[in-house]
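A structural walkthrough
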Amino acid sequence: MKFTKEQAFEILRSFLTNGGKKTLRMSEKSMNAQLDTLIPLVANDEMELNNFVEKVKPTFTTMNSNAEKDNSDFIKQWEKDHPSPNPDPDPNPNPNPKPNEPNPEYKALLDRLEKLEKENNEVKAQREIADKRSELVAKMKEKGITDTEWIDSFLSEVSITADIDVDAKADSFLKIYNKTLAGGDPPTPRQPNAPQPTDNPLKAASDFAKAQREAREKLAEL
């Protein structure tokens, strides 16, 4: 097949959530398990990603709908198993009752579900940022920034988001890196794997400190 399970997963998740506008009802674990079952049955060596997705969309739509129904049935069963402690009308009702006030246990359940969804979204966002940082590090090394310690120190001062332009930022950081190597002189082109400068150690240390200051100033302007 001409695609990976991960690619199929991302497209199907986007389809089921309408590009993130709706909540995914079935779990990601269930999606992956279903893909493990369907790929050997449906796909072959020549099948394209879009063709596979179109064939399995109905299956995932049904599973997602069933998961939504299961959640609804669970809430209804919860309400049935945990009825209001005061089902009879109050002989002396509050003259200013709060309309549609939910059952406290039901509200606690909804709050718990909302908290779990929020935590899941936070973990997902952190994973996306971590993946983007790894991609940025790889691109910086590809462009010739070979000092891993410099990369780690530099990126600790940079705000990385999931939508960062990796190529553009890597080019920008390469200019700062080259300027650091040049000891404050105007940036000079540098090809990947170029030899390190062999200046006097004391002058190099002084130049490096100066270049670090200028790099931080340049970073603040980005």
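Residues numbered from 1 in each chain as written. Predicted model: local features only at pLDDT ≥ 70, side-chain atom pairs only at ≥ 80, totals over all residues. Heavy atoms only, no water.

Remarks on the overall build of the chain
If you tally the helices and strands in the chain, you get seven helices and zero strands. Written out in order from the N terminus, the α and β elements of the chain read α-α-α-α-α-α-α. Looking at the chain as a whole, 24% of its 222 residues are labelled buried. The long-range share in the chain, meaning contacts at least 24 apart out of those at least 6 apart in sequence, stands at 69%. On the chain, roughly 15,600 Å² of surface is accessible, and the fraction owed to carbon and sulfur atoms is 51%. (Helix = DSSP H or I, 4+ residues; strand = E, 2+ residues; numbered from the N terminus. Buried < 20%, exposed > 50% of the residue type's maximum accessible area, 1.4 Å probe, protein only. Contact = heavy atoms within 4.5 Å. Areas by Shrake-Rupley, 256 points an atom, 1.4 Å probe, with all protein chains shown as cover.)

So, the pattern of salt bridges
Enumeration over the complete set of coordinates arrives at eleven salt bridges. The shortest N-O distance in the salt bridge between K139 and E142 comes to 3.5 Å. Of this pair, K139 and E142 both sit in helix α4 (residues 104–142), three residues apart, which is roughly one turn of the helix. The exposure class of E142 is exposed, given its relative accessible area of 52%. A salt bridge links K139 to D167, with the shortest nitrogen-to-oxygen separation between them at 3.4 Å. Residue K139 is found in helix α4, and its partner D167 is found in helix α6 (residues 166–181); the two are separated by 28 residues along the sequence. Among the ionic contacts, a cluster of salt bridges with common partners joins K2, E46 and E48. (Salt bridge = Lys/Arg side-chain N within 4 Å of Asp/Glu carboxyl O.)

Here we look at unusual backbone geometry
Even without glycine at this site, N18 takes up a positive phi of about 55°. Along the chain, the position of N18 falls in the loop between α1 (5–16) and α2 (28–42). A relative accessible area of 43% places N18 in the partly exposed class.

Thoughts on α6
Along its 16 residues, α6 runs 22 Å from first to last C-alpha, staying within 8% of the 22 Å computed at 1.5 Å per residue. Buried within α6 we find V166, A170, S172, F173, L174, I176, Y177, N178 and T180. A distance of 3.4 Å separates the backbone nitrogen of D167 from a side-chain oxygen at the start of α6, and that oxygen is part of D165. (Expected span 1.5 Å × (residues − 1). Polar contact = N/O pair within 3.5 Å; in protein donor to acceptor, adjacent residues only side chain to side chain.)

Remarks on the packing of α4 against α6
Working note: a packed helix pair is described by the angle between its axes plus the distance between those axes. Here α4 crosses α6 at 50°, and the two axes come no closer than 9 Å. Of the possible angle classes, the one that applies to α4 and α6 is oblique. In this structure, the crossing between α4 and α6 has a hand that is right-handed. Across the interface between the two elements, K132, E135, L136, K139 and M140 from α4 touch V166, D167, K169, A170 and F173 from α6. Considered class by class, the residues forming the contact of α4 with α6 number five nonpolar, no polar and five charged. (Axes fitted to C-alpha atoms, helices over the stretch in contact; angles between N-to-C directions. Parallel < 35°, antiparallel > 145°, perpendicular 65-115°, else oblique. Left-handed = near helix turned anticlockwise from the far one by under 90°. Nonpolar A, V, L, I, M, F, W, Y, C, P; charged D, E, K, R; others polar.)

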